[in-house]
Amino acid sequence: MKKEFVVIGLGRFGGSIVNELVHQGADVMAIDKFAERVNEFSQIATQAVMADTTDETVLKQLGIRNFDHVIVAIGDDIQSSILTTLMLKEIGVQKITVKAQNDYHEKVLRKIGADHVVHPERDMGIRIANNMMSNNVLDYLELSDEHSIMEIKANHLLAGHSIIDLDIRVRYGINIVAIKRGNEINVSPSPDEPIHEGDILIVIGADVDINRFEKKMFN
């Protein structure tokens, strides 16, 4: 059975979510208060609707509480974002993800019951900065204020050694959770798995420990 999503706000962020969800085979109701944006997605989304999502009656009429997941991707209108999230909680939506403009906005969203809050601009800035600071860090995902997952490209210093040889968990407090080699990915590699130069190591741990490992092995 297809998963069913609602995306509210069809700017660049919301629009990209609609496109990707549809691409992955989901049913998507796309909602915006501007007719031109709704028209743009009328041939893409399962259903495209022009509506004021701060109106509880409208949300009930659209049957939004029956969807698996609602994403509030409203852009600069923080008040509408907060009111929409509040209305969604009031009508009983089970899972709500909301785009936040700043930390204050996030605090309010969490207090009123948002299940997940994202900062796409901030997060992308962090990822780009990490990639610029190191030629070896290929990607970055923040898990919390202090923990992350990183993709690190193995160099000649790591090549030929196994995970147990490097003793990364004990020495640095981080874990290699997967190794990407070409088009293949080895999830939960064994301790005696040899590392090749050019392998992509997917590591998880505290930011300070990952940075310590990177500085030791790549500088």
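Looking at an unreviewed UniProt entry, one finds the protein named Ktr system potassium uptake protein A and attributed to Kurthia zopfii.

A.B. asks: Would you mind going over the environment of I17 in detail, with residue names and values included?
C.D. replies: Positionally, I17 belongs in helix α1 (residues 12-23). In sequence terms I17 and V28 are 11 residues apart; their C-alpha atoms lie 9.7 Å from each other. Setting aside anything within four residues of it in sequence, one finds I17 in contact with V7 and I71.

A.B. asks: I'd like a rundown of the pairing of strand β11 (residues 200-206), residues and numbers included.
C.D. replies: Counting buried positions along β11 yields six of seven residues, so the element is predominantly enclosed. The pairing of strand β8 (residues 147-153) with β11 spans seven bridges and is classified as antiparallel. Across the sheet, the residue bridging to M150 is V203, located in β11. Across five bridges, strand β9 (residues 175-181) lies against β11 in antiparallel orientation. By the bridge assignment for β11, I179 is matched with L201.

A.B. asks: Just give me the short version of the sheet that holds strand β3 (residues 47-50), but keep the residues and values in it.
C.D. replies: Strands sit in the order β3-β2-β1-β4-β5-β6 across an open sheet of six strands; the sheet is parallel. Single-partner strands in this sheet number two, and they are β3 and β6 (116-118). For this sheet the average axis-to-axis angle between neighbouring strands, irrespective of direction, equals 15°. With four bridges connecting them, strand β2 (residues 27-32) and β3 associate as parallel partners. Across the sheet, the residue bridging to A30 is A48, located in β3. The strands touched by helix α4 (residues 78-91) within the sheet are β1 (4-8), β4 (69-72) and β5 (96-99), with β5 carrying the most contacts at an inclination of about 175°.

A.B. asks: Can you explain the nonpolar core? Please cite residues and give values.
C.D. replies: In this structure, V6, I31, I64, V70 and L88 are the most contacted members of the largest nonpolar core, which totals 24 residues. Looking at this core, the elements with two or more residues in it are β1, β2, β4, α4, β5 and α5 (103-111). Sort the elements by how many residues they give to this core and α4 lands first, with four residues. Those residues within four positions of V6 in sequence are excluded, and the remaining contacts are M29, I31, I64, F67, H69, V70 and I71.

A.B. asks: Tell me about the UniProt feature "domain: RCK N-terminal" (unreviewed entry) in the protein, residues and numbers included.
C.D. replies: Here the UniProt-annotated "domain: RCK N-terminal" (unreviewed entry) positions come out as residues 2-118. Along residues 2-118, the helical share is 41% and the strand share 22%, with 24 Å between the first and last C-alpha atoms.

A.B. asks: How would you sum up α5? Please name residues and give values.
C.D. replies: Residue pairs three or four apart in sequence face the same way in an α-helix, which turns once every 3.6 residues. Those residues of α5 not exposed but buried are H105, E106, V108 and L109. Viewed end-on, α5 has its buried residues packed into an arc of 165°, placing them on one side of the element. Structural note: α5 exposes Y104, K107 and K111 on the side pointing more than 90 degrees away from its buried face. In this fold, the buried residues of α5 make contact with α4, β5 and β6.

A.B. asks: A description of the pattern of salt bridges should follow, citing residues and the corresponding values.
C.D. replies: For the structure on display, the rule yields nine salt bridges. Here D77 and K33 are joined by a salt bridge, their closest N and O atoms 3.7 Å apart. Of this pair, D77 sits in the loop between β4 and α4 while K33 sits in the loop between β2 and α2 (35-41), and the two are 44 residues apart along the sequence. Judged by its relative accessible area of 28%, D77 is partly exposed. We note a salt bridge from K180 to E151, for which the minimum N-O separation is 3.2 Å.

A.B. asks: Provide a residue-level description of the pairing of β1, including the pertinent values.
C.D. replies: The buried fraction of β1 is high, at four of five residues. Sheet analysis places β1 next to β2, joined by five bridges and oriented parallel. When the bridges of β2 are listed, V7 appears paired with A30. Handedness of the β-α-β unit built from β1, α1 and β2 comes out right-handed. Pairing between β1 and β4: four bridges, direction parallel. Bridge pairing in β4 links V6 to V70.

Cut-offs used in this document
Residues numbered from 1 in each chain as written. Predicted model: local features only at pLDDT ≥ 70, side-chain atom pairs only at ≥ 80, totals over all residues. Heavy atoms only, no water. Helix = DSSP H or I, 4+ residues; strand = E, 2+ residues; numbered from the N terminus. Contact = heavy atoms within 4.5 Å. Buried < 20%, exposed > 50% of the residue type's maximum accessible area, 1.4 Å probe, protein only. Pairing = 2+ DSSP bridges. Axes fitted to C-alpha atoms, helices over the stretch in contact; angles between N-to-C directions. Core = buried A, V, L, I, M, F, W, Y, C linked by side-chain atoms within 4.5 Å. UniProt positions renumbered as here; feature names shortened; annotations may be inferred. Arc of directions from axis to C-beta. Salt bridge = Lys/Arg side-chain N within 4 Å of Asp/Glu carboxyl O. Right-handed = clockwise from strand over helix to strand, strands pointing away.

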